[in-house]
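# Coordinate inspection notes
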Amino acid sequence: MKRNSFPYLSAAGLLALLTTACNPDKEVISPEVPTVTNAVYVVNEGTSNGAISLYNKSTKTVVRDVYAPANGNKRLGPYVQNMTIVGDNAYLVVNGADSVQVVRLADFKRTVGIGGFSQPRYLLAAGTAKAYVTEWQGSFPAYSAGRVAVLNLTTNTIGKRLTVGVNPEQMLLVDNKLYVPNSNGNTITVINTTTDAVESSIDVPDGPKNLVRDVNGNIWVLCSKYGAAQDFLVRFSPAQPTQQTRIALASDYTNGNLRTNTTGSTIYVSLGTGTYALDPQATALTAKPLIRRNFYGLGIDPQDNTIYAGTSTFTGDAKVIRYTVAGAPIDSFGVAVGPNAFLFR
Amino acid sequence: MLVALLHTRRLAGLLAAAIAVARALPAQGQAAADTLTGQSHRLPDVAVAGSKPSRYALGTRQLVLDSAALSQYRTGTLAEALAARAPLYLKNYGPGQLASISIRGTSARHTAVLWNGFNINFSSLGEADFSLFSVGGNTQVRVQPGPGGALYGTGAIGGAVLLSGEPALGGGLRGSVQAEGGSFGQGAGSLEASYGAARLALRTTALYREAQNDFPLGPEQNGAAAPRQPNAAFRQWNFTQDARLLVGTGGQLSLAAWLTGANRQIQPALGAANRHGLETDHSARLLAAFRQRLGRRYEGTVRVAWLHDRLVYGDDTLLPQYTTLSTTQAQTEHSFTLGNKISLQLGGEVQHFEAVADGYESRIRENRLAAFGLLRYDATPTLRLTANLRQAVVPDQRPPLAPTAGAEWDLWQTETNTITLKASASRSYRAATLNERYYRPGGNPGLLPETGVGYEAGAVYDHQAAGPARLHWRTELTAYRQLVDNWVQWIPGAGGFYSPRNLRLVRTQGLEASTALDWKRPRYEAAVRASYALTQAHKQQGYLGDDDPLDTQLAYVPLHGATLSTEHTWRTHWLLSASGSFSSYRYTTVSANDFLPGYFLLQGSVGRHLTVGQARFTLLVQGYNLTNTRYQTYAGRAMPPRSAVLSLRVAWR
């Protein structure tokens, strides 16, 4: 969700800065306004404890963890799966603590912790007052149907909970529809965000886990299921979800990180065979990957499409390598354990 | 108590006799205690079962937890005893939780744990949980740091932990019962009964212990009590039965059973949700051995053992995962005395593994063989040499030939003083475990064995005062270096599954110093033990796919570790003891920046014996973590603050 909500969020943030009194509509996208980013937040899942690294683009310095020092060296908790910026706050989904921690972006001080989740995975904000959190339920290897919790960002309380498929992952918001990929199944649940009710379900290949929207308004889905014979990149128009273009991929547990640049004119995906850049019209993978390497986390800087790629073996601190839009390495910097996503401000 | 150093120096000139006796030096516990308390070795008339590999381990260092040390932990675990008494690092996931050992900077799978000569590491993991081993059933715990593949087989790269529980002949019927209770819901009860006749010895022990471990996780805040550790309770039991029967002339039949069980809640990490993890572990270990001595020149032993482990683990997010392991092993040893100076032992080992686990595709069956030869040459009354060799045969793997050479030389010897120089060199190996080879997905059947080549050298000073003020002082200094090649690391591999690979070369080196002082007066006895270990463990070389940095201290290896303990007995009925252990900071990842701070832990006890007829009552108050230090040995797993235990023991005869 981080990268999906990104353009919206950074644009919203910018607008908030420019027009202080304005409460921007969530659908406002202004690609004409040049995006300038200075800071990169790196979400490090961690093993026994997660961390958020902060990279300063101009000085090229990195603070390995901004959370602990700002909060009396308190532990953030294990497996920080997701971070989402909403206005002046960041929402940190701590999977191993069944909680969402809210911090002020300015100083990263924790303002509130929201508990009561079941194995939370990803948070996606719809505007500044409401967010959705995917939750897993049950036990490996027999998980039960997951949920989407509706979170009131004003009161920081969980409201309605909607039952979806098994192991819901990273959501996508298009207009007033929330697409929820059920990674331990073969469906995408569609939720109407006006009524917060499940509206329909879209059949896709096994293991949908990542969603992005391209420049043409089409939705891309990465389907990768552990042990499946074949993985797929699937593309469809929200208007005709059953008419799907499917690109077959070699099955690989590390297939992941479906991303786009700001405009959605390039789709990135990091597979076991390498990291690829695809056109929105692609019907097959390119013969050669853009980067001959798989990454644990991937992010595209909306300012200049610089690629941020995180490596990790989870035995120790990881490295983030920066690549040009053409896939040439620029430099690298160290972060904490298990960088899975990048947020640009 | 203590950790004493026992080396295998033997009385010069008594070679021939010593061979028969020493091989068996049965009353191992007794002999060790004797070494520590300054009594002269009194070798028993009848040899005992069980080979004594330390006879062929010249030039190495041995740490012995003798019965005096173990008496402080009658209801405790090996993890607790070793952490307090030996400069080793034990990674503990909470009190009573998984405890894994690190000797000389290696990881838990690099320590071979042998029970009466049989490797009892889980065959799936290749390592042991030291919280599952109760101290009570074993009369002796011996640790040999450093590579010892020729003597101890696979896994003895960082070291070996040798457990034995031989009942003593003679002494008639004896028994004891102990009950205790303490902080955070700790409670334990134990029973021990033994019978020793001239040709028959029996010993039975039983132990139950439990704890709630609902200790506070910090100081009071604004007058409100600190939150308490959830989900960390355990129940644990242990049963041993040992029997020895002398048969005919020079023959002995031994039978042993060791049953352990534990039902543990899994302590969640600080900051993590309580997922109500639960683990049960049950192990049964049975052994039968027959030894026959023929004259003074030959002794043969046959031993068979059956080991069975069943582990079940699950939590709110994981359905119970079952692992059932079964190992049948047989060993034979044949010892020859050649002339007056040479002893030779030839032997072999057969192992059959069976394993069923949720992580395996099907039932795993595997056979392994090993043959070994051990040679000791007492060249002169002051120079002793050993050369040992072992070759193992493991399917699809080629463990290297594992030779060991060792020497000890008494540089200076007087009536009361001895300075001995010692040195050894050894190659060791670790065959890939069942998980590393068969786990689905990711298991790598093509994995090579890890190999270690190590050297060590040192000196021992031993002073045994004559006369009424009986003083025994022993100091040992050892330096070592070891290279472990093909070190296995699990990394994401083809298909994206984490898969073990032979990735790196690791060098460990360090210094170990220890000193033991015993002083005996008619109304007062005192013992002091101190030990220190400097341990440097670095990855020297990696291979493609291994991104971890070079030349940083490995995770969970403290550079400095030390222990200090002292015991006092006054008028034979007042007991006072104290022990402290120190660990410098430990990195928690390979990148050497996150670390757990160093800590010093202090524990102490005061007790009183009271003798009524043939019964002796002992009331003991033990205090742990007396300075109320907040510390962790594994990141995020809280350890208890100050706590106390009160115990009452009644021993009959």
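Summary of the structure given here.

About the criteria used
Residues numbered from 1 in each chain as written. Chains lettered and ligands numbered in written order. Predicted model: local features only at pLDDT ≥ 70, side-chain atom pairs only at ≥ 80, totals over all residues. Heavy atoms only, no water. Contact = heavy atoms within 4.5 Å. Buried area = accessible area lost by both parts, 1.4 Å probe. Salt bridge = Lys/Arg side-chain N within 4 Å of Asp/Glu carboxyl O. Polar contact = N/O pair within 3.5 Å; in protein donor to acceptor, adjacent residues only side chain to side chain. Helix = DSSP H or I, 4+ residues; strand = E, 2+ residues; numbered from the N terminus. Nonpolar A, V, L, I, M, F, W, Y, C, P; charged D, E, K, R; others polar. Buried < 20%, exposed > 50% of the residue type's maximum accessible area, 1.4 Å probe, protein only. Phe/Tyr/Trp six-rings, centres within 6.5 Å; stacked < 30°, edge-to-face > 60°. Lys NZ or Arg CZ within 6 Å of the ring centre and 35° of its normal. Core = buried A, V, L, I, M, F, W, Y, C linked by side-chain atoms within 4.5 Å.

Taken together, the contacts link 29 residues of chain A with 27 residues of chain B. For the pair chain A and chain B, the summed buried area comes to about 2100 Å², and 50% of that belongs to carbon and sulfur atoms. Broken down residue by residue, the surface that chain A buries against chain B is led by A:Arg75, A:Thr313 and A:Thr315, which jointly contribute 25%. For A:Asp98, the salt bridge is made with B:Arg275, and the minimal N-O distance between the two is 2.3 Å. Here chain A is connected to chain B by eleven residue pairs in polar contact (both at pLDDT 80 or more). Among the secondary structure elements, those contributing two or more residues to the side of chain A that touches chain B are strand 9 (130–139) and strand 10 (142–152) of chain A. Looking at the side of chain A that touches chain B residue by residue, the class counts come to ten nonpolar, 13 polar and six charged.

Residue and element names in this part refer to chain B. Secondary-structure assignment places Ser-102 in strand 4 (residues 99–102). In this structure Ser-102 comes out as buried when scored by relative accessible area, which is 10%. Side-chain polar atoms of Ser-102 contact the backbone oxygen of Thr-106, separated by 2.7 Å.

Turning next to unusual backbone geometry. Going from A:Phe140 to A:Pro141, the amide bond is cis rather than trans, its omega being 0 degrees. Within the secondary structure layout, A:Pro141 lies in the loop between strand 9 and strand 10. Of note, the amide linkage connecting B:Arg440 to B:Pro441 takes the cis form, showing an omega dihedral of -5 degrees. Structurally, the position occupied by B:Pro441 is in the loop between helix 6 (434–438) and strand 22 (450–464). Of note, A:Asp196 is a non-glycine position whose phi angle comes to about 50 degrees, a positive value. By relative accessible area, A:Asp196 is classed as buried at 9%. Notably, B:Tyr556 is not glycine yet its phi reads approximately 60 degrees, a positive angle. Assignment of secondary structure puts B:Tyr556 in the loop between strand 25 (524–541) and strand 26 (560–570). Overall, B:Tyr556 belongs to the buried group, its relative accessible area being 8%.

Tallying each qualifying case throughout the model produces 23 aromatic pairs over all chains. When the centroid spacing of 5.6 Å and the interplanar angle of 35 degrees are considered together, the rings of B:Phe133 and B:Trp258 count as tilted. Placement of B:Phe133 in the loop between strand 6 (118–119) and strand 7 (140–145) and of B:Trp258 in strand 13 (residues 251–266) is noted, with a sequence separation of 125 residues between them. Accessibility assignment for this pair places B:Phe133 and B:Trp258 in one class, buried. Ring centres of B:Tyr461 and B:Trp473 lie 5.2 Å apart, and the angle between their planes is 80 degrees; on these two criteria the pair is classed as edge-to-face. In this pair, B:Tyr461 is assigned in strand 22 and B:Trp473 in strand 23 (residues 470–492), connecting sequence segments twelve residues apart. Connected via pairs of aromatic rings, a cluster forms that spans A:Tyr55, A:Tyr308, A:Phe333, A:Phe342 and A:Phe344. Directly above the aromatic system of A:Trp136 lies the positively charged group of A:Arg121, at a separation of 4.5 Å from the ring centroid. We note B:Arg653 situated over the ring of B:Trp652; from NZ or CZ to the ring centre the distance is 5.5 Å.

Counting residues in each nonpolar core, the largest one holds 34 residues, and the members touching the most others are B:Leu78, B:Leu82, B:Phe130, B:Val161 and B:Leu163. Dropping the residues within four chain positions of it, B:Leu163 is found in contact with B:Leu78, B:Val113, B:Leu114, B:Trp115, B:Asn116, B:Ile120, B:Asn138, B:Gln140, B:Val141 and B:Trp258. With 19 residues, the next largest nonpolar core counts A:Ile52, A:Met83, A:Ile85 and A:Leu105 among its residues.

Moving on: the environment of B:Asp281. Residue and element names in this part refer to chain B. Within the secondary structure, Asp-281 is located in strand 14 (residues 277–294). Put simply, Asp-281 and Ala-423 are 142 residues apart on the chain and 40 Å apart in space, counted from C-alpha to C-alpha. Leave out the neighbours within four places in its chain, and Asp-281 touches Leu-132, Thr-260, Gly-261, Ala-262, Arg-264, Arg-310 and Leu-311. Only 3.1 Å separates the side chain of Asp-281 from the side chain of Arg-264, close enough to count as a polar contact.

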